[in-house]
Amino acid sequence: MATALSARPLVSLALPESGAWRLVGQCALAIAGTLLLTLSAKTKVVLGPVDMSLQTLAVFLIAAAFGMRLAVATLLLYMAQGAMGLPVFQGTPEKGIGIAYMLGSTGGYLAGFVVMAAIVGWAADRGWDRNPFKLFGAMMTAEVVMMAMGFAWLAMLIGVEKSWQFGVVPFIIPDLIKVALASALVPAIWSLLPRQR
């Protein structure tokens, strides 16, 4: 019992244990998460031929704070908003909207975000979000899976060489920095909180 309580994700400290208010809180957090994802997607950093965003950092932080179920639900809500044509993604509306945009060059990365949230959220549900080394390992695994999905999808559209050159290489160092930052930040927040009994 004590292990189950100590392994709850960070956001569980702010939610009621059960009932309608817990559901209301989870819905509010999911909507807030989609707003954070949208803002992070629109925050562009231009480094060479590819625009970078803070979106992977936002996915890491949401997943580590929310746990697997709420993080995946938040990412699926975000995908649904994009599929309905809301301009929530990095290149929308300039490069298209809705399903057409999602099936374009970023489609594999978008799907990878959901898997990334599941992996990091799973780790948070097991208490790995309190240890920077365990969390780094989980986030690095999630990053590799997401990049592999994005690379595979992009390779089908523009070929393997261009996919590697434009879809992976420019993101290696920036994404390593995001993994390191997120894996240090979440355990630091936990260390500031009083021990849960």
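For the structure given in this document, a descriptive report is provided here. (Residues numbered from 1 in each chain as written. Predicted model: local features only at pLDDT ≥ 70, side-chain atom pairs only at ≥ 80, totals over all residues. Heavy atoms only, no water.)

### Examining the layout of surface pockets
Here comes step 1: Empty space within the second largest pocket amounts to approximately 360 Å³.
Here comes step 2: In terms of lining, the second largest pocket is formed by 18 residues, of which the most central are Arg22, Gln26, Phe66, Arg69 and Leu70.
Here comes step 3: Here the lining of the second largest pocket gets five residues from one element, more than from any other, and that element is helix α2 (residues 20-42).
Here comes step 4: Split into classes, the residues belonging to the lining of the second largest pocket amount to 10 nonpolar, two polar and six charged. (1 Å grid on protein atoms, 1.4 Å probe; cavity = no way out; pocket = protein on both sides within 12 Å on 5 of 7 lines; lining within 4 Å. Points joined across faces, edges and corners; volume = space filled by probe spheres on them. Helix = DSSP H or I, 4+ residues; strand = E, 2+ residues; numbered from the N terminus. Nonpolar A, V, L, I, M, F, W, Y, C, P; charged D, E, K, R; others polar.)

### Regarding the packing of aromatic side chains
Here comes step 1: Taken as a whole and assessed by the stated rule, the structure comprises four aromatic pairs.
Here comes step 2: With a centroid separation of 5.5 Å and an interplanar angle of 15°, the aromatic rings of Phe89 and Tyr101 are classed as stacked. Pair noted here: Phe89 is in the loop between α4 (68-83) and α5 (98-102) and Tyr101 is in helix α5, with a separation of 12 residues, a long-range link. The exposure classification of Phe89 matches that of Tyr101, with both residues buried.
Here comes step 3: Ring centres 5.5 Å apart and planes at 75° place the aromatic pair Trp122 and Trp128 in the edge-to-face group.
Here comes step 4: Residue classification places Trp128 among the partly exposed residues on the basis of a relative accessible area of 29%.
Here comes step 5: One aromatic cluster is present, formed by Tyr78, Phe89 and Tyr101 through successive ring pairs.
Here comes step 6: Looking at Arg130, its charged tip hangs above the ring of Trp190, at a distance of 3.8 Å from the centre. (Phe/Tyr/Trp six-rings, centres within 6.5 Å; stacked < 30°, edge-to-face > 60°. Buried < 20%, exposed > 50% of the residue type's maximum accessible area, 1.4 Å probe, protein only. Lys NZ or Arg CZ within 6 Å of the ring centre and 35° of its normal.)

### Side note on the pattern of salt bridges
Between side chains of opposite charge, pairing is possible as soon as their charged atoms come close.
Here comes step 1: Using the criterion set out here, one finds three salt bridges in the structure.
Here comes step 2: Among the ionic pairs, Glu17 bridges to Arg8, the shortest N-O distance being 2.8 Å.
Here comes step 3: The shortest N-O distance in the salt bridge between Asp129 and Arg130 comes to 2.6 Å.
Here comes step 4: When its relative accessible area of 0% is taken as the criterion, Asp129 is described as buried.
Here comes step 5: Overall, Arg130 belongs to the partly exposed group, its relative accessible area being 28%. (Salt bridge = Lys/Arg side-chain N within 4 Å of Asp/Glu carboxyl O.)

### Some points on the side chain of Gln55
Here comes step 1: Positionally, Gln55 belongs in helix α3 (residues 55-66).
Here comes step 2: Judged by its relative accessible area of 4%, Gln55 is buried.

### Thoughts on the nonpolar core
Here comes step 1: Phe60, Leu75, Met79, Phe89, Phe113, Val120 and Met139 are the most contacted members of the largest nonpolar core, which totals 45 residues.
Here comes step 2: Among the elements of the structure, α2, α3, α4, α5, α6 (107-125), α7 (132-158) and α9 (172-192) are those that each provide at least two residues to this core.
Here comes step 3: Tallying contributions element by element places α3 first for this core, with nine residues.
Here comes step 4: In this structure Phe60 touches Met116, Val120, Met139, Ala142, Glu143, Lys178, Val179 and Ala182, once residues within four positions along its chain are discounted. (Core = buried A, V, L, I, M, F, W, Y, C linked by side-chain atoms within 4.5 Å. Contact = heavy atoms within 4.5 Å.)

### Topic: the side chain of Thr34
Here comes step 1: For Thr34, the location among the structural elements is in helix α2.
Here comes step 2: A distance of 3.4 Å separates polar atoms of two side chains, one belonging to Thr34 and the other to Gln81.
Here comes step 3: Beyond its immediate chain neighbours, meaning those up to four positions away, Thr34 contacts Thr74, Leu77, Tyr78 and Gln81. (Polar contact = N/O pair within 3.5 Å; in protein donor to acceptor, adjacent residues only side chain to side chain.)

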